[in-house]
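One-letter residues, chain by chain:
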Amino acid sequence: AINDPADKEALLENDRKYVWHHMTPHNDNPMIVASGDGSWVTDVDGNRYLDGMSGLWCVNVGHGRKEIAEAAAQQMMTLAYATMVQAHIPSIELAAKLNAWLEGEYRIFFSNSGSDANEVAFKIARQYFHQKGKPAKHKFISRHRAYHGNSMGALGATGQAQRKLKYEPLGVGFSHVAPPYCYRCPFGQTKDNCSLQCAEAIEQAIAWEGPDSVAGVILEPVITGGGMLVPHEGYLPAVARICEKYDVLLIVDEVICGFGRSGRKFGHHNYGVKPDIVTMAKGLTSAYSPLSATAVSAELYEVFKSGGDTSHFRHVNTFGGNPVSCAVALANLRVLEDEGLIARSAVIGEAFAARLARLREHPNVGDMRIFGSAMGIELVEDRDTKEPAKPERVAAIVAACKSKGLLIGKNGDTVPGFANILTLSPPLSSTDDDVDFIVKTLLEVFSVGSISSKG
Ligand code: PMP
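Definitions and cut-offs
Residues numbered from 1 in each chain as written. Predicted model: local features only at pLDDT ≥ 70, side-chain atom pairs only at ≥ 80, totals over all residues. Helix = DSSP H or I, 4+ residues; strand = E, 2+ residues; numbered from the N terminus. Rg over C-alpha atoms; globule rule 2.2 N^0.38 Å. Buried ≥ 20, exposed ≤ 12 C-beta atoms within 10 Å, placed from the backbone. Contact = placed C-beta atoms within 7 Å. Pairing = 2+ DSSP bridges. Right-handed = clockwise from strand over helix to strand, strands pointing away. Axes fitted to C-alpha atoms, helices over the stretch in contact; angles between N-to-C directions. Parallel < 35°, antiparallel > 145°, perpendicular 65-115°, else oblique. Left-handed = near helix turned anticlockwise from the far one by under 90°. Nonpolar A, V, L, I, M, F, W, Y, C, P; charged D, E, K, R; others polar. Near = placed C-beta within 6 Å. Domains from an automatic or database assignment.

Caption draft 1: Summary view of the overall build of the chain. Counting its regular elements, the chain contains 14 helices and 15 strands. Here the C-alpha atoms of the chain give a radius of gyration of 22 Å, agreeing with the 23 Å that 2.2 N^0.38 yields for 455 residues. Over its C-alpha atoms, taken along the principal directions, the chain stretches across nearly 65 × 60 × 45 Å. Looking at the 455 residues of the chain, the share that counts as buried comes to 48%. Pairs at least 24 residues apart make up 72% of the contacts formed inside the chain by residues separated by at least 6 positions.

Structure below.
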């Protein structure tokens with residue numbers, strides 16, 4: 001039972017013996033999370049933490065939502081399983097709802113994870129050009145620092161060396177360009193003289209790869225896990241124009257940016273572009289049940305439909321779009337709508353911007369970037385040289401926050417030498433008290449001398 005240290009020891013013993021944790025090196029003493037309520041989680045010792053990352057950027061409506069649990073239970077009792085080979089009511093309702101949210105006409109293909117959704121996008125893009133008599137168009141361009149998933153194709157699209165080494169060769173046909181990273185502009189520009197060379201780099205890559213060989217560009221509206229890289233507002237529209245010019249599909253990965261995180265329904269709505277394909281996961285169900293979706297524009301879908309049997313998409317997924325996950329997603333979207341949580345997301349981000357402004361002056365803070373309610377704090381050793389903060393300094397801040405009851409994230413060591421960006425992405429349902437707690441804790445942690453070598 002909770003608070004029973006004897007139980008905890010037994011749990012830890014079995015964890016040490018049997019469980020293989022994701023991503024983290026072997027960890028003999030993980031925090032064992034026992035329950036969640038709103039923005040807070042409680043461990044087996046009874047310690048409460050504000051879940052400042054919403055898990056892995058996903059529990060957007062907060063923990064312990066009865067209305068979602070009830071929707072799942074009800075659906076399990078009505079019809080727990082049907083395949084997407086058939087039709088079923090929750091998937092029909094959800095696909096229609098997603099069309100309304102996307103503000104465009106899209107066909108929805110359901111799967112289980114963000115990685116799945118991106119694999120589906122790549123396969124659909126390639127088959128689309130086959131159907132159009134352009135089978136050579138098979139390559140994809142993405143950006144360094146971006147993460148698009150764990151499977152061979154999605155990892156191929158990922159632009160983070162450390163995640164890929166030891167698993168290569170990955171899916172082939174992916175190449176990468178420099179990201180829109182304004183704080184350390186790869187093209188040596190500043191906000192004032194920016195000519196969007198990062199977008200031009202995509203055009204150059206398409207030209208140099210050969211437009212007849214390129215099927216798509218995949219990007220997140222904002223690179224999130226790779227360091228909260230918020231682009232110049234003209235970047236995404238410029239990339240959309242380039243894609244159109246070369247008959248290259250624009251695939252937007254909304255796995256993190258979607259479902260309100262950006263302060264709009266989808267991250268690309270902030271930039272006024274209309275993607276050919278949108279992939280989504282995490283926030284689609286607020287992680288109450290695994291589900292992802294690949295939304296494909298009606299024009300693309302028509303090419304698959306009009307060819308009849310010979311042109312159908314040969315891809316099946318046993319659990320994808322199962323009735324329970326779809327019912328959970330519908331309940332989740334209802335909560336987001338009924339409680340006005342998309343607008344709330346923007347309010348949370350504005351509170352961070354206003355109330356954490358003085359962190360910008362801290363000697364170890366190089367840059368703060370906010371997109372909706374997601375925030376990145378880039379730590380440096382020296383503000384003039386922008387030398388990235390050492391891992392010990394970053395770890396000390398994460399640990400200090402945790403000791404005060406705030407869980408925050410950091411980008412991984414997936415870019416060698418650049419594991420220096422703190423990330424925050426609290427539930428969109430965070431109350432004013434929750435926001436106060438986050439702000440107060442960060443201000444306290446950053447005013448502690450030990451964190452700064454100079455301050
Ligand atoms: N795309 C992005 C932008 C992601 O952040 C992630 C997961 N962090 C994925 C895709 C892959 O999602 P999943 O872990 O559900 O496969």
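Caption draft 2: Broad picture of unusual backbone geometry. Glutamate 168 connects to proline 169 through a cis peptide bond whose omega is 5 degrees. Take proline 169: it is sitting in the loop between helix H7 (161-164) and strand E6 (174-177). The phi torsion at lysine 166 lies on the positive side, around 85 degrees, for a residue other than glycine. Assignment of secondary structure puts lysine 166 in the loop between H7 and E6. Lysine 166 sits in the exposed class, given 6 other C-beta atoms within 10 Å. Positive phi outside glycine occurs at phenylalanine 259, with the angle close to 60 degrees. Looking at the secondary structure, you find phenylalanine 259 in the loop between strand E8 (249-253) and strand E9 (277-280).

Caption draft 3: Region of the structure containing helix H9 (residues 235-245). For H9, the set of buried residues is Tyr235, Leu236, Ala238, Val239, Ala240, Ile242 and Cys243. Where H9 is buried, its residues contact helix H8 (197-209), strand E7 (214-219) and E8. Residue aspartate 247 follows H9 closely and has a positive phi angle near 55 degrees.

Caption draft 4: Local environment of the pairing of E8. Burial runs high along E8: five of the five residues are buried. The alternating pattern of E8 places Leu249, Ile251 and Asp253 on one face and Leu250 and Val252 on the opposite face, and all of these are buried. Sheet topology note: the E7/E8 ladder contains four bridges and is parallel. By the bridge assignment for E8, glycine 216 is matched with leucine 249. In this view, the connection linking E7 to its parallel neighbour E8 by way of H9 has right-handed handedness.

Caption draft 5: Summary view of the packing of helix H4 (residues 89-102) against helix H11 (residues 323-338). Closest axis-to-axis distance for the H4/H11 pair is 8 Å, and the angle between their directions is 40 degrees. Our classification of the angle between H4 and H11 gives oblique. As for how H4 packs across H11, the hand of that crossing is left-handed. For the pair H4 and H11, contact is made by Pro90, Ser91, Glu93, Leu94 and Lys97 and by Pro323, Cys326, Ala327, Ala329, Leu330 and Leu333, respectively. Among the residues making up the contact of H4 with H11, the classes are represented as eight nonpolar, one polar and two charged.

Caption draft 6: Broad picture of the sheet that holds strand E15 (residues 421-424). Here we have four strands laid out as an open sheet, ordered E11-E12-E15-E14, and antiparallel in their pairing. The open sheet has two edge strands with one neighbour each: strand E11 (365-371) and strand E14 (409-410). The pairing of E11 with strand E12 (residues 374-379) spans six bridges and is classified as antiparallel. Opposite arginine 369, over in E12, you have glycine 376 as the bridge partner.

Caption draft 7: Seen up close, the packing of helix H3 (residues 66-78) against H11. Look at H3 against H11: their axes get within 8 Å of each other, and the N-to-C directions meet at 150 degrees. What the angle tells us is that H3 and H11 run roughly antiparallel. The element H3 and its partner H11 pack so that their crossing is right-handed. Residue-level inspection shows Glu67, Ile68, Ala71, Ala72, Gln75 and Met76 of H3 in contact with H11, the latter providing Pro323, Val324, Ala327, Val328, Leu330, Ala331, Asn332 and Val335. Its residues placed into classes, the contact of H3 with H11 shows eleven nonpolar, two polar and one charged.

Caption draft 8: Highlighting the site of the ligand. Lining the immediate surroundings of the ligand are 16 residues, of which Ser113, Gly114, Ser115, Gly149 and Val255 lie closest. The element contributing the most residues to the shell around the ligand is helix H5 (residues 114-131), with three residues. Residue composition of the shell around the ligand, grouped by class: five nonpolar, nine polar and two charged.

Caption draft 9: How the structure looks around the domain arrangement of the chain. Segmenting the chain into domains produces domain 1 (5-61 + 340-451) and domain 2 (66-338). The distance between the C-alpha centroids of domain 1 and domain 2 comes to 26 Å. Every contact between the two is made by 31 residues of domain 1 and, on the other side, 29 residues of domain 2. Every element with two or more residues in the side of domain 1 that touches domain 2 is listed here: helix H2 (54-57), helix H12 (341-355), E11, E12 and E15. Here the element with the most residues in the side of domain 1 that touches domain 2 is H12; it accounts for five residues. When the residues that make up the side of domain 1 that touches domain 2 are grouped by side-chain class, the tally is 14 nonpolar, twelve polar and five charged.

Caption draft 10: Expanded view of the sheet that holds strand E3 (residues 48-51). Spatially, E1-E2-E3-E13 is the arrangement adopted by the four strands of the open sheet, whose pairing is mixed. Each edge of the open sheet is held by one strand with a lone partner, namely strand E1 (33-37) and strand E13 (406-407). Of the pairings in the sheet, the one linking strand E2 (residues 40-43) to E3 comprises three bridges and is antiparallel in character. Paired with valine 41 across the two strands is tyrosine 49, which belongs to E3.

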